[in-house]
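So you can see what is in the structure, the chains are spelled out below.
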Amino acid sequence: MPGRQVRVGIVGAGHFGRFHALKVAASGRAVLAGLHDRDTGRAAAVAREVRAPVLEWAALLDASDAVVVATPAETHFALAGAALGAGRHVLVEKPIAATLAEASALGELAAARGLVLQVGHLLRYSAEHRAISARMHRPLYLECVRIAPFKPRGTDVSVILDLMIHDLDLVLALVDSPIESVDAVGAPVASAHEDIANARVRFANGCVATITASRISLKTERKMRLFSQEGYMSVDFTARKLMMIGRERGLPIPGTGGGRMEDVTWKEHDALAAEHEAFVAAILDGAPVVVDAAAGARALAAALAVSESMAASRARAEASGLIRPQATPDVT
């Protein structure tokens, strides 16, 4: 559709919603149709910044060709489903929905209507993902660490759906095999949900991934280590660099019988802008959807498997006296 622009509406004017609005407003192929949020004051503040109107939900659908859903996870199904039902393309933040049944229903609705349904797993559009996947094709073991200081934002869900799901999705993008088993443990420390967690994921092809996520740390750290027959790789996402020891790339390492070491860095990359470019390209150009409903559902299934394993581990720990049972919040 040469010369056409997509009218995009944003539902949710919180932390991520604001960034989505900024990217749409800056796009050459999209027009920001408006914003909607239950908190009208917050919506108005973002709307002033991006010079777009605040609209009621029905009016936003009428004014838009596509909708970005950047609201709490438990609302994704209802909002994305309503938008798809109204014939609008949808970019929904991760996780795609709260349950696999909801994720499946959204995928089926989008397919039946011939609409784009894209899930906001941001790492798939990142420079680091390209750097890793270009060098490590058949990982045997992966170790991911993602820790950060506590922030109230995101505590409506566990650290699994808040932070760990990013690394789960990256692991799933690198490992082309079904999950065979999950062993996970975690604990709520500063919120009603798990704030720190570790999961060991075993795949049917023999690959193993160990993933740690915390939102109660004193520092921010994002690292990954991988090894396979291709070599060993260490990735520091914060420093934007990786080191690979193998036999195909880099400078020779004396005394290793043919081993080579490659140091790779990448520049700051606007993955969110790339995500929006991909969304618009899928709508206007028919480009493949990079993270479609199936990919979103696979990431959600992995996250739910971790949650189920963690619940079982907590029950055992409580029964043994290792941890105290979590108090039920008083909602009266």
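Analysis parameters
- Residues numbered from 1 in each chain as written.
- Predicted model: local features only at pLDDT ≥ 70, side-chain atom pairs only at ≥ 80, totals over all residues.
- Heavy atoms only, no water.
- Pairing = 2+ DSSP bridges.
- Helix = DSSP H or I, 4+ residues; strand = E, 2+ residues; numbered from the N terminus.
- Contact = heavy atoms within 4.5 Å.
- Axes fitted to C-alpha atoms, helices over the stretch in contact; angles between N-to-C directions.
- Core = buried A, V, L, I, M, F, W, Y, C linked by side-chain atoms within 4.5 Å.
- Buried < 20%, exposed > 50% of the residue type's maximum accessible area, 1.4 Å probe, protein only.
- Right-handed = clockwise from strand over helix to strand, strands pointing away.
- Expected span 1.5 Å × (residues − 1).
- Bend = angle between axes of the 7 residues up to and from the residue.
- Disulfide = S-S within 2.5 Å.
- Polar contact = N/O pair within 3.5 Å; in protein donor to acceptor, adjacent residues only side chain to side chain.
- Parallel < 35°, antiparallel > 145°, perpendicular 65-115°, else oblique.
- Left-handed = near helix turned anticlockwise from the far one by under 90°.
- Nonpolar A, V, L, I, M, F, W, Y, C, P; charged D, E, K, R; others polar.

S.K.: How should the sheet that holds strand β7 (residues 179-187) be read in this particular structure?
M.R.: Across a sheet, paired strands are connected by hydrogen bonds in the backbone, their directions being either parallel or antiparallel. Strands sit in the order β7-β8-β9-β6-β10-β11-β12-β14-β13 across an open sheet of nine strands; the sheet is mixed. One side of each edge strand has no neighbouring strand; the edge strands of this open sheet are β7 and β13 (251-252). Alignment of strand β10 (residues 221-228) against strand β11 (residues 231-236), held across six bridges, turns out to be antiparallel. When the bridges of β11 are listed, F227 appears paired with Y232. Most of the contacts of helix α9 (residues 293-320) go to β7, to which it runs at about 55°, and overall it touches β7 and β8 (196-203).

S.K.: Please explain the nonpolar core as it appears in this structure.
M.R.: The nonpolar side chains of soluble globular proteins are, as a tendency, buried together. Ranked by size, the top nonpolar core spans 73 residues in total, and within it I96 and M224 carry the most contacts. At 11 residues, the largest contribution of residues to this core is made by helix α7 (residues 159-174). Once residues lying within four places of it in the same chain are set aside, the contact partners of M224 are I132, E143, C144, L170, V171, L174, M233, S234, V235 and F237. Membership of the second largest hydrophobic core comes to 23 residues, among which are I10, A66, L91 and I283.

S.K.: What exactly am I supposed to notice about the pairing of strand β4 (residues 89-93) here?
M.R.: Side-chain direction in a regular strand flips from residue to residue, so the side chains alternate between the two faces of the sheet. By the criterion of burial, β4 is predominantly enclosed, with five of the five residues buried. Burial along β4 is two-sided: the residues H89, L91 and E93 and V90 and V92 are all buried. Across four bridges, the pairing between strand β3 (residues 66-69) and β4 is parallel. Directly across from V67, in β4, lies its bridge partner V90. For the crossover that starts at β3, traverses helix α4 (residues 76-85) and ends in the parallel β4, the hand is right-handed. As paired elements, β4 and strand β5 (residues 117-120) share four bridges and run parallel to each other. Paired with E93 across the bridge in β5 is G120. Note that the unit made of β4, helix α5 (residues 100-113) and β5 has a crossover that is right-handed.

S.K.: Please explain the sheet that holds β5 as it appears in this structure.
M.R.: In space, the five strands of this open sheet follow the order β2-β1-β3-β4-β5, with parallel pairing throughout. Edge strands, defined here as strands with exactly one partner in the open sheet, are β2 (30-36) and β5. Across this sheet, the average inter-strand angle for adjacent strands is 20°, counted without regard to direction. Along the sheet, helix α8 (residues 271-284) makes contact with β1 (6-11), β2, β3, β4 and β5, crossing β4 at roughly 155°.

S.K.: Before we go on, may I ask you to explain α7 in this structure?
M.R.: In an α-helix, one full turn covers 3.6 residues, which means residues spaced three or four apart are oriented alike. End to end, α7 covers 22 Å across 16 residues, agreeing with the expected 22 Å (1.5 Å per residue, within 8%). Taken as a whole, α7 carries its principal kink of about 50° at I165. Extensive coverage of α7 is indicated by the burial of 15 of its 16 residues.

S.K.: Just checking my understanding: could you explain the state of the cysteines for this structure?
M.R.: In protein structure, a disulfide is the covalent linkage between the sulfur atoms of two cysteines. For the structure shown, the criterion picks out zero disulfides. Cysteine C144 is unpaired, with the sulfur of C207 as its nearest cysteine sulfur at 10.0 Å. Under the relative-accessibility criterion, C207 is labelled buried at 1%.

S.K.: How should the side chain of H36 be read in this particular structure?
M.R.: Its location among the elements puts H36 in strand β2. In terms of polar contacts, H36 uses its side chain to reach the backbone carbonyl oxygen of L55, at 2.9 Å. For H36, the residues in contact, after removing those within four places along its chain, are I10, V11, G12, A13, L55, E56, W57 and L60.

S.K.: Explain the packing of helix α1 (residues 15-26) against α8 here, please?
M.R.: Between two packed helices, both the angle of their axes relative to each other and the distance between the axes serve to describe the pair. Where α1 contacts α8, the two axes come as close as 10 Å, and the packing angle between them is 60°. The pairing of α1 with α8 is recorded here as oblique in orientation. Read as a crossing pair, α1 and α8 show a hand that is right-handed. Touching F19, H20, K23 and V24 of α1 are L272, A273, E275 and H276, all from α8. Along the lines of polarity and charge, the residues of the contact of α1 with α8 split into four nonpolar, two polar and two charged.

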